[in-house]
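# Topology and contacts: notes
As a plain string of letters, each chain reads:
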Amino acid sequence: MSKKQYIDKFFDIDISDSAITIGIKDISWQAPYEPEITTNIIATLAPDTNDKTIDNVINDTLNNPAYFITCAECNELNLKTHMFDDLLCPGCASINHGITN
C-alpha cells in the first residue's frame, strides 16, 4: 500500500479555523455487518501548521509500533489493533497457519 493509501484508510485529518487534528481511524465489529469506526486523536496542531510538520506527524505515527506493526510474513504494515498478534496479520495467521477467529 502506498503512503497515500495508508493516510486515506487509517488517518482522519480535520482542518478547522481553530486547529488541525490528526487521528487514527480504527474499525471494530460489534456484530456481523455492524462496523464501528472510532478515531483516536494523536495530534492537535495550530491551524497555520505547514504541510511538512503534518507529514512528519504522519510519518512518526506510521513508524510507531504503538500504532502500526509490520507483519513478519507478508511485510504489510497494519494497525496494531488489527494484528492477530505482534508478529502476524490476520491474513497470514489464517492462510499460512490455519488460524481462524
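Presented here is an overview of the structure given in this document. The shown structure was predicted, so the numbers you read here are calculated from the model rather than taken from an experiment. (Residues numbered from 1 in each chain as written. Predicted model: local features only at pLDDT ≥ 70, side-chain atom pairs only at ≥ 80, totals over all residues. Heavy atoms only, no water.)

Moving on, we come to the overall build of the protein. Looking only at helices and strands, one finds three helices and five strands in the protein. Ordered by position from N to C terminus, the α and β elements of the protein give α-β-β-β-α-β-β-α. The dimensions of the protein, computed from C-alpha atoms along their principal axes, are 50 × 30 × 20 Å. Out of the 101 residues in the protein, the part that is buried amounts to 27%. (Helix = DSSP H or I, 4+ residues; strand = E, 2+ residues; numbered from the N terminus. Buried < 20%, exposed > 50% of the residue type's maximum accessible area, 1.4 Å probe, protein only.)

We now examine the pairing of strand E3 (residues 34-45). Taken together, the 11 bridges between strand E2 (residues 20-31) and E3 define a ladder with antiparallel strand orientation. Each bridged residue has a counterpart across the sheet, and for Ser28 the counterpart in E3 is Glu36. In this structure, the hairpin formed by E2 and E3 is closed by a connection of two residues, where Tyr33 is found at a positive phi of approximately 65 degrees. (Pairing = 2+ DSSP bridges.)

This part covers unusual backbone geometry. If you check the backbone angles, Asn75 has positive phi at about 60 degrees while not being a glycine. Within the secondary structure, Asn75 is located in the loop between strand E4 (68-70) and strand E5 (77-79).

Judged by pairing direction, the sheet is antiparallel, and its three strands sit side by side in the order E1-E2-E3 without closing on themselves. Looking at strand neighbours, the two that pair on one side only are strand E1 (11-15) and E3, the edges of this open sheet. Between one strand and the next, the sheet's axes are offset by a mean angle of 30 degrees, whatever the strand orientation. Sheet strands touched by helix H1 (residues 3-10): E1 and E2. Its angle to E1, the strand with the most contacts, is close to 75 degrees. Contacts between helix H2 (residues 51-62) and the sheet are confined to E1, E2 and E3, with E3 contributing the most and set at about 125 degrees to the helix. (Axes fitted to C-alpha atoms, helices over the stretch in contact; angles between N-to-C directions. Contact = heavy atoms within 4.5 Å.)

So, about a nonpolar patch on the surface. A contiguous nonpolar surface patch, about 340 Å² in accessible area, is contributed by Ile27, Trp29 and Ile37. Locating Trp29 in the fold gives a position in strand E2. Taking the relative accessible area as the measure of exposure, Trp29 reaches 56% and is therefore exposed. (Patch = residues over 30% accessible without salt bridge, like charges linked within 9 Å, V, L, I, M, F, W, Y side chains within 5 Å. Areas by Shrake-Rupley, 256 points an atom, 1.4 Å probe, with all protein chains shown as cover. Salt bridge = Lys/Arg side-chain N within 4 Å of Asp/Glu carboxyl O.)

Before going further, it helps to spend a moment on the nonpolar core. With 15 residues, the main nonpolar core has Phe10, Phe11, Ile22, Leu45, Ile54, Leu62 and Phe68 as its most contacted residues. Not counting residues up to four positions away in its chain, the partners in contact with Phe10 are Met1, Gly23, Ile24, Lys25, Phe68 and Leu79. In terms of nonpolar packing, the next biggest core, distinct from the first, is built from seven residues, Cys71, Met83, Cys92 and Ala93 among them. (Core = buried A, V, L, I, M, F, W, Y, C linked by side-chain atoms within 4.5 Å.)

That's the geometry; what it means functionally is another story.
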